[in-house]
Amino acid sequence: MKIRKLHLSAAVISVAVLASATSASAQSTLDIVKERGHLRCQVGTPSAGFYNLNAKGEWYGLDVATCQAVAAAIFGDKNKLEIQSVSSQARFTALANGESDLLSRTATWTMSRDTELGLDFLPPNFYDGQGFTVRKDSGLTSALQLKGAKICVTTGTTNELNMTDYSRVNNLNISNVTFEDWNVRDDTYLKGGCDAVTGDKSSMAGNIASFPNPGEHMILPETISKEPLAAAVRHGDNKWTDLVRWSIFAMVNAEELGITSANVDEMKANSKNVSVRRLLGVEGNLHNGLGLTKDWAYNIIKQVGNYGENYEAYMGDGELGIGIPRKGTTNELWTNGGLMYSPPMR
Amino acid sequence: MAIVKAEKTPARAAPLSERSLIGWLHKNIFSSSFNTILSIVTLYVIYITVNEVWHWGFADAVWFADSRRQCFEISTDGACWAGVIGWMDSIFYGRYPRDELWRINLGGLLVVLWMVPLWLPRVKAKVFIGLSTVFLYPFLAGYLFSGGGKGVFMQVMVTLAIVCLMGNTLHSVISLIKGISLPEFLIRAFGKSTAPEKTQHYLLLGILFCSFVAVYYWQSSWQVEAVSWTKWGGLFLTLVVSGIGIASALPGGIILALGRRSNLPFIRVVSIGFIELFRSVPLITVLFMATTMFPLFMPEGFVLNKLVQVIIAVCLFNACYMAETVRAGLQAIPKGQFEGAHSIGLGYWQTMGAVIMPQALKHMIPNIVGSFIGLFKDTTLVSIIGLFDILGVLRAVGKDVTWLGLHIEPLVFGALLFFLICFAMSKYSRHLEVKFSTGLKNMTPNKRNKS
């Protein structure tokens, strides 16, 4: 009896798996999203610059802008969007089981994630890296001068390992002061408990902005690790990957072409530049391959803005920005020596 | 040669050391040199702490500002309460649309209205009122909070809930004024108090039916805007999760405890397995299982609302803890009670319902309320899996660029809120204990008879 029951349940499970496999291939993500009427975009628990809540309960940030861009491309309305906040432990599962359509939450693009987790990473929207914060009056100008320094770091992160490696390679003999919570880490640094703080440069810039006297601190120029932060989608639906990828590229391309949310209408009406006309759907049929309407990129730029605008607003010196200068960094356009580069849209 | 006094010597006042402040100080604070040193050190520590807290929390604190930067401009040593004040709506309601907050407030008001009769001494049929709170109120509140189109099932449940609420309220008002129940009042009002029982029943059923139909038509005429559960948050979400957890933990726990003591081997083994499984796993693991593993086992496209998954997990988990509390209470009941109940011909359910449980539950009140308080505090774990319960919102304050880095003040405020709620719960449990006269009072049978 027992054995027969087992067989039966095994049969039920395999049928269910088969059914789910067929149903997955039957309907594309774009169809599902269109049918639902809104995009489900996954971010994490609030993180300054990338995805924050304001007092009214609205999301804003650089990664939220990516979500909005995809929603604007599909629906012509950036607000047809449900932002899901998922803990970092559950982020990839929530994408894999179809709970989210898109993951846009400061995930570092690594090879093992790309190849083993069933994810497709998209072009990075922020190149982060680990750095050091010091007091300006310490007279330090380079991380290589941190010989024998006491450095505050949060434990259990790659930050700690990266710093140990860096110290060993450069014979710096750094001593770690480790903390569980970055708030306590920063408080200790402010009270003089250590000479420097190490962490991802973007988050440190945000933290410095929250110090009582931000002008007295600075981030040293050295970057000791690579953290390309990128959005990701489920492996397997290439059409959907294309759509998200080119929505992101459209924002970079718009910046290259000088199209902003303010001048997009004028550009659409008057521009003689063929690239601009193609991007905004005046000429050519770029939208066909994506299965969207002609004005998909126009909607992104009009409602969300180009990459540079969003950088200024959330990462730069905008009212809601956390004040990370863009000039001379990897997040600059390729024409200015950075890494932001969109393949030609033609 | 004895001196005999005719009148009684007047009582002298107690010695100065017993009644004056200095005497009290001498006896309690400075009784020996070692104690004096201890007292002075303690007083100094208290002074430092209170002084710091006072300066940080009140004297140097900033109450009105538009951003943390402005707070710093006014004072760098004090708390920046302005951020907490600015986020107050989010702390209480999460991301719920600001125009729809009245629905949450109304929901809260309704549950109070529903439960007030339970605390009024002259109202009867409390069991019915209590059951209707547990089984009908959630539908009404659930619709109020989530909104959208009502299916037929929801229409019926909402109607039933409204009828029940009106009945409850009328019943308690009439009980308070006239001292009779609502059915009696209706029968008298229609002048049928002498009619046969059957007629009275038909009359009551007719009234019930008419009010049902009327309310059904009325409620189908309005509809509230749909609000996705992803927008629920703050204290509201904490109260929803813990409220459902509390309401279901006790019934679930009683069933599991009875199952564990059952003579039927199958039921016993299943209950034991269930209880031990959930008790040996941390709540956070159960939550992760429910939210991340469970969907993987389901066919693709089957997306169960994450909030529902969390609530189910919380309910199951707490039912298991409650089961052990209930079992402890059951074991304290002497065997004679069971035998006595059996000897007057009561069956299993009657024995349990009428004899054993009422006694056992009284003994368990402190433990039950203790579990409830624990449950209420445990629900903050849902913020780890990405729901914006009160802790999630309090942590989000310091990440908002306007209030960047403001992490202590929101948590202090949250601690105060939790203290208020939990302290109120434990005070209420003391009140219940006294009311049911368990605890020490139980020792004196005379008093029990009087009450």
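Residues numbered from 1 in each chain as written. Chains lettered and ligands numbered in written order. Predicted model: local features only at pLDDT ≥ 70, side-chain atom pairs only at ≥ 80, totals over all residues. Heavy atoms only, no water.

(A) View of the overall build of chain A. What chain A contains, in helices and strands, is 13 helices and 13 strands. Residues counted as buried form 50% of the 346 residues belonging to chain A. Sequence separation of at least 24 residues holds for 69% of the intrachain contacts in chain A that already meet a minimum separation of 6. Total accessible area computed for chain A in this model is approximately 15,700 Å², and 54% of it derives from carbon and sulfur atoms. In chain A, which carries 33 positive and 37 negative side-chain charges, the distance between the mean positions of the two groups comes to 5 Å. (Helix = DSSP H or I, 4+ residues; strand = E, 2+ residues; numbered from the N terminus. Buried < 20%, exposed > 50% of the residue type's maximum accessible area, 1.4 Å probe, protein only. Contact = heavy atoms within 4.5 Å. Areas by Shrake-Rupley, 256 points an atom, 1.4 Å probe, with all protein chains shown as cover. Lys, Arg positive; Asp, Glu negative; His and termini not counted. Charge placed at Lys NZ, Arg CZ, Asp CG, Glu CD.)

(B) A look at the overall build of chain B. If you tally the helices and strands in chain B, you get 21 helices and zero strands. Taken over the C-alpha trace, chain B has a radius of gyration of 29 Å; the compact-globule value for 451 residues is 22 Å, which it surpasses by more than 25%. For chain B, buried positions account for 39% of its 451 residues. A fraction of 67% describes how many contacts in chain B between residues 6 or more apart in sequence connect residues 24 or more apart. Accessible surface, chain B: about 25,800 Å² in total, of which carbon and sulfur atoms supply 69%. When the 37 basic and 22 acidic side-chain charges of chain B are each reduced to a single mean position, those positions are 15 Å apart. (Rg over C-alpha atoms; globule rule 2.2 N^0.38 Å.)

(C) Spotlight on the domain arrangement of chain A. All names here are of chain A. When the domains of chain A are assigned, the result is domain 1 (28–127 + 227–336) and domain 2 (130–219). Taken together, the contact pairs six residues of domain 1 with seven residues of domain 2. Both faces combined, the contact of domain 1 with domain 2 buries some 430 Å², and carbon together with sulfur accounts for 62% of it. The largest per-residue losses of area from domain 1 upon contact with domain 2 belong to Glu 227, Ile 322 and Ile 324, which jointly make up 78% of the total buried on that side. Taken together, domain 1 and domain 2 are joined by zero salt bridges. Taken together, the links from domain 1 to domain 2 amount to zero residue pairs in polar contact (both at pLDDT 80 or more). Partitioned by chemical class, the residues of the side of domain 1 that touches domain 2 number five nonpolar, no polar and one charged. (Domains from an automatic or database assignment. Buried area = accessible area lost by both parts, 1.4 Å probe. Salt bridge = Lys/Arg side-chain N within 4 Å of Asp/Glu carboxyl O. Polar contact = N/O pair within 3.5 Å; in protein donor to acceptor, adjacent residues only side chain to side chain. Nonpolar A, V, L, I, M, F, W, Y, C, P; charged D, E, K, R; others polar.)

(D) Highlighting the interface of chain A and chain B. The partner chain B presents 33 residues to the 39 residues of chain A that form the contact. Counting each side, the surface lost to burial between chain A and chain B is near 2,900 Å², with a carbon and sulfur contribution of 59%. If you sort the residues of chain A by the area they bury against chain B, Leu 53, Ala 55 and Asn 97 of chain A come out on top, with a joint share of 17%. Applying the counting criterion to the chain A and chain B interface returns ten residue pairs in polar contact (both at pLDDT 80 or more).

(E) Layout of the side chain of Asp 400 of chain B. Within the secondary structure layout, Asp 400 of chain B lies in the loop between helix H19 (390–397) and helix H20 (408–435). For the buried Asp 400 of chain B, no salt bridge is present, and the opposite-charge side chain at shortest range is Lys 56 of chain A, 9.7 Å distant.

(F) Structural context of the packing of helix H13 (residues 234–260) of chain B against helix H16 (residues 306–331) of chain B. Residue and element names in this part refer to chain B. H16 packs onto H13 with a crossing angle of 45 degrees between their chain directions and a minimal axis gap of 5 Å. As far as their axial angle goes, H16 and H13 are oblique. Crossing handedness for the pair H13 and H16: right-handed. (Axes fitted to C-alpha atoms, helices over the stretch in contact; angles between N-to-C directions. Parallel < 35°, antiparallel > 145°, perpendicular 65-115°, else oblique. Left-handed = near helix turned anticlockwise from the far one by under 90°.)

(G) Examining the sheet that holds strand E12 (residues 217–219) of chain A more closely. All names here are of chain A. Spatial strand order, E10-E9-E11-E8-E12: five strands in an open sheet with mixed pairing. Of all the strands in the sheet, the pair left with one neighbour each is strand E10 (175–179) and E12. For this sheet, the mean inter-axis angle between neighbouring strands, taken without regard to orientation, is 30 degrees. Sheet topology note: the strand E9 (residues 150–154)/strand E11 (residues 196–200) ladder contains two bridges and is parallel. Considered in E11, the bridge of Cys 152 is made with Val 197. Across the sheet, helix H8 (residues 201–209) touches strand E8 (130–135), E11 and E12, and the angle it forms with E11 is around 125 degrees. (Pairing = 2+ DSSP bridges.)

(H) Quick look at the environment of Glu 339 of chain B. For Glu 339 of chain B, the location among the structural elements is in helix H17 (residues 335–343). Given a relative accessible area of 46%, Glu 339 of chain B falls into the partly exposed group.

(I) Looking closely at unusual backbone geometry. All names here are of chain A. With phi around 45 degrees, Thr 106 is a residue other than glycine that occupies positive phi space. Mapping Thr 106 onto the fold places it in strand E5 (residues 102–108). In the Ramachandran plot, Asn 173 falls in the positive-phi region, its phi being about 55 degrees despite a non-glycine side chain. Within the secondary structure, Asn 173 is located in the loop between helix H6 (158–169) and E10.

(J) Looking closely at helix H12 (residues 296–303) of chain A. Residue and element names in this part refer to chain A. With six of eight residues buried, H12 lies mostly within the body of the structure. Regarding H12, the residues found buried are Trp 296, Ala 297, Tyr 298, Asn 299, Ile 300 and Ile 301. Among the residues trailing H12, Gly 305 stands out with phi positive, at a value near 100 degrees.

(K) The packing of aromatic side chains, seen in detail. Going through the model one piece at a time under the given rule, you end up with 30 aromatic pairs over all chains. Taken together, a centroid distance of 6.3 Å and an interplanar angle of 50 degrees make the contact between Tyr 307 of chain A and Tyr 311 of chain A tilted. Taken together, the positions of Tyr 307 of chain A and Tyr 311 of chain A, both in helix H13 (residues 307–315) and four residues apart, correspond to about one turn of that helix. Considering the side-chain rings of Tyr 348 of chain B and Trp 349 of chain B, the 5.1 Å spacing of their centres and the 80 degrees angle between planes classify their relative orientation as edge-to-face. When its relative accessible area of 39% is taken as the criterion, Tyr 348 of chain B is described as partly exposed. Overall, the relative accessible area of 66% leaves Trp 349 of chain B in the exposed class. Each member of the aromatic cluster is reached from another via a ring pair, and the members are Trp 54, Trp 56, Phe 58, Trp 63 and Trp 81 of chain B. In this structure, Lys 268 of chain A packs its charged tip against the face of Tyr 298 of chain A, placed 4.2 Å from the ring centre. Lying over the aromatic face of Tyr 311 of chain A, Arg 326 of chain A brings its terminal NZ or CZ to 5.3 Å of the ring centre. (Phe/Tyr/Trp six-rings, centres within 6.5 Å; stacked < 30°, edge-to-face > 60°. Lys NZ or Arg CZ within 6 Å of the ring centre and 35° of its normal.)

(L) Spotlight on the state of the cysteines. Scanning the model with the defined rule gives three disulfides over all chains in all. The side chain of Cys 41 of chain A participates in a disulfide bridge whose partner is Cys 67 of chain A; the two sulfur atoms lie 2.0 Å from each other. Between Cys 41 of chain A and Cys 67 of chain A, the S-S torsion sits near -60 degrees, and that sign places the bridge as left-handed. With Cys 41 of chain A in strand E1 (residues 39–43) and Cys 67 of chain A in helix H3 (residues 62–75), this pair connects stretches of sequence that are 26 residues apart. Shown here is the disulfide that connects Cys 71 of chain B with Cys 80 of chain B, its sulfur atoms set 1.9 Å apart. Every disulfide takes its handedness from the sign of the S-S torsion; for Cys 71 of chain B and Cys 80 of chain B that torsion is 65 degrees, giving right-handed. A residue is classified by how much of its surface remains accessible, and Cys 71 of chain B, at 2% relative accessible area, is buried. We classify Cys 80 of chain B as buried; its relative accessible area is 5%. The connectivity of the disulfide-linked cysteines in chain A, indexed sequentially, is 1-2, 3-4. Cys 315 of chain B forms no disulfide, and the closest cysteine sulfur to it belongs to Cys 320 of chain B, at a distance of 11 Å. With a relative accessible area of 0%, Cys 320 of chain B lands in the buried category. (Disulfide = S-S within 2.5 Å.)

(M) Local environment of the pairing of E11 of chain A. Residues and elements named next belong to chain A. E11 sits mainly inside the fold: four of its five residues count as buried. Judged from the five bridges that link them, E8 and E11 form a sheet pairing that is antiparallel. What sits directly across from Gln 130, in E11, is Asp 200.

(N) Broad picture of the packing of helix H8 (residues 126–135) of chain B against helix H10 (residues 152–178) of chain B. Residue and element names in this part refer to chain B. One can describe the packing of H8 onto H10 by two numbers: an axis separation of 11 Å at closest approach and a directional angle of 150 degrees. Comparing their axes, H10 and H8 come out roughly antiparallel. The crossing of H8 and H10 is left-handed. Facing Phe 128, Ile 129 and Ser 132 of H8, the residues of H10 in contact are Cys 164, Asn 168 and His 171. Here the residues of the contact of H8 with H10 sort into three nonpolar, three polar and no charged.

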